[in-house]
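Overview (structure and organization)
Each chain is listed here by its residues.
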Amino acid sequence: MKKEVRKSEYECMFILANNLSEEKRNGLVEKFSKMASDKAKVEKMGLKKFATEINHKKDGYYYLMTFKCEHDIPKKIGELMLITDGVVRFMFVNKDEQKAPRKSKKPAKSEVKA
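Quick caveat: nothing in here was measured; it's all calculated off a predicted structure. (Residues numbered from 1 in each chain as written. Predicted model: local features only at pLDDT ≥ 70, side-chain atom pairs only at ≥ 80, totals over all residues. Heavy atoms only, no water.)

With that settled, the discussion passes to the environment of glutamate 70. Here glutamate 70 lies in the loop between strand S3 (57–69) and helix H2 (73–83). Among the residues examined, glutamate 70 registers a relative accessible area of 32% and is labelled partly exposed. Between the C-alpha atom of glutamate 70 and that of arginine 6, which follows or precedes it by 64 residues, the distance is 6.4 Å. Once residues within four sequence positions are removed from consideration, glutamate 70 is found in contact with Val5, Arg6, Lys7 and Tyr10. (Helix = DSSP H or I, 4+ residues; strand = E, 2+ residues; numbered from the N terminus. Buried < 20%, exposed > 50% of the residue type's maximum accessible area, 1.4 Å probe, protein only. Contact = heavy atoms within 4.5 Å.)

See the structure below:
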């Protein structure tokens, strides 16, 4: 009997250096999206200026990737991004965790005793 693997929905915003050729940028985007999922969607947001310099760079190409995968895949992609030349920054967000209601640490007003 196979154990059902639960997949979560993720978003990854990443920035590629502006000094990479278009061919190299497209290759990196394709590599990351294939690792994420066969159905990963990548939105090219374009060249944007940074608020402050990052690693002596003033701007970079922004991408937003959305995909559904097992929980260990974003960690693997992140490890690859850390060692890949041309990746300036990246961030993953688990969309399923954002949808779940958070438990408040404050007691409800009805629970507060005067």
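In this section: a positive patch on the surface. Among the surface-exposed residues, Arg6, Lys7, Lys39 and Lys68 lie close enough to one another that they form a single positively charged patch. Its place among the elements puts arginine 6 in the segment before strand S1 (8–17). (Patch = residues over 30% accessible without salt bridge, like charges linked within 9 Å, V, L, I, M, F, W, Y side chains within 5 Å. Areas by Shrake-Rupley, 256 points an atom, 1.4 Å probe, with all protein chains shown as cover. Salt bridge = Lys/Arg side-chain N within 4 Å of Asp/Glu carboxyl O. Lys, Arg positive; Asp, Glu negative; His and termini not counted. Charge placed at Lys NZ, Arg CZ, Asp CG, Glu CD.)

Taken in spatial order, the four strands make up an open sheet running S2-S3-S1-S4, and their pairing is antiparallel. Each edge of the sheet is formed by a strand with only one pairing partner; in this case those strands are strand S2 (41–54) and strand S4 (87–94). The sheet shows a mean angle of 25 degrees between the axes of neighbouring strands, direction not considered. Across seven bridges, S1 lies against S4 in antiparallel orientation. (Pairing = 2+ DSSP bridges. Axes fitted to C-alpha atoms, helices over the stretch in contact; angles between N-to-C directions.)

This part is about the environment of valine 88. Note that valine 88 resides in strand S4. Residue valine 88 is classed as buried on the basis of its relative accessible area of 9%. Taking C-alpha positions, valine 88 is 9.7 Å from aspartate 59, a pair spaced 29 residues apart along the chain. Setting aside residues up to four positions removed in sequence, valine 88 forms contacts with Ile15, Leu16, Ala17, Phe50, Ile54 and Lys57.

The terminal C-alpha atoms of helix H1 (residues 22–36), which comprises 15 residues, lie 21 Å apart, in line with the 21 Å expected from a rise of 1.5 Å per residue. Buried residues in H1 make contact with S1, S2, S3, H2 and S4. (Expected span 1.5 Å × (residues − 1).)

Moving on, we come to the packing of H1 against H2. At a closest axis distance of 9 Å, the pairing of H1 and H2 adopts a crossing angle of 160 degrees. Relative to H2, the element H1 is oriented roughly antiparallel. Seen along the crossing, H1 lies across H2 with a hand that is right-handed. The segment H1 lies against H2, with Lys31, Phe32, Met35 and Ala36 engaging Ile73, Lys76, Ile77, Leu80 and Met81. Its residues placed into classes, the contact of H1 with H2 shows seven nonpolar, no polar and two charged. (Parallel < 35°, antiparallel > 145°, perpendicular 65-115°, else oblique. Left-handed = near helix turned anticlockwise from the far one by under 90°. Nonpolar A, V, L, I, M, F, W, Y, C, P; charged D, E, K, R; others polar.)

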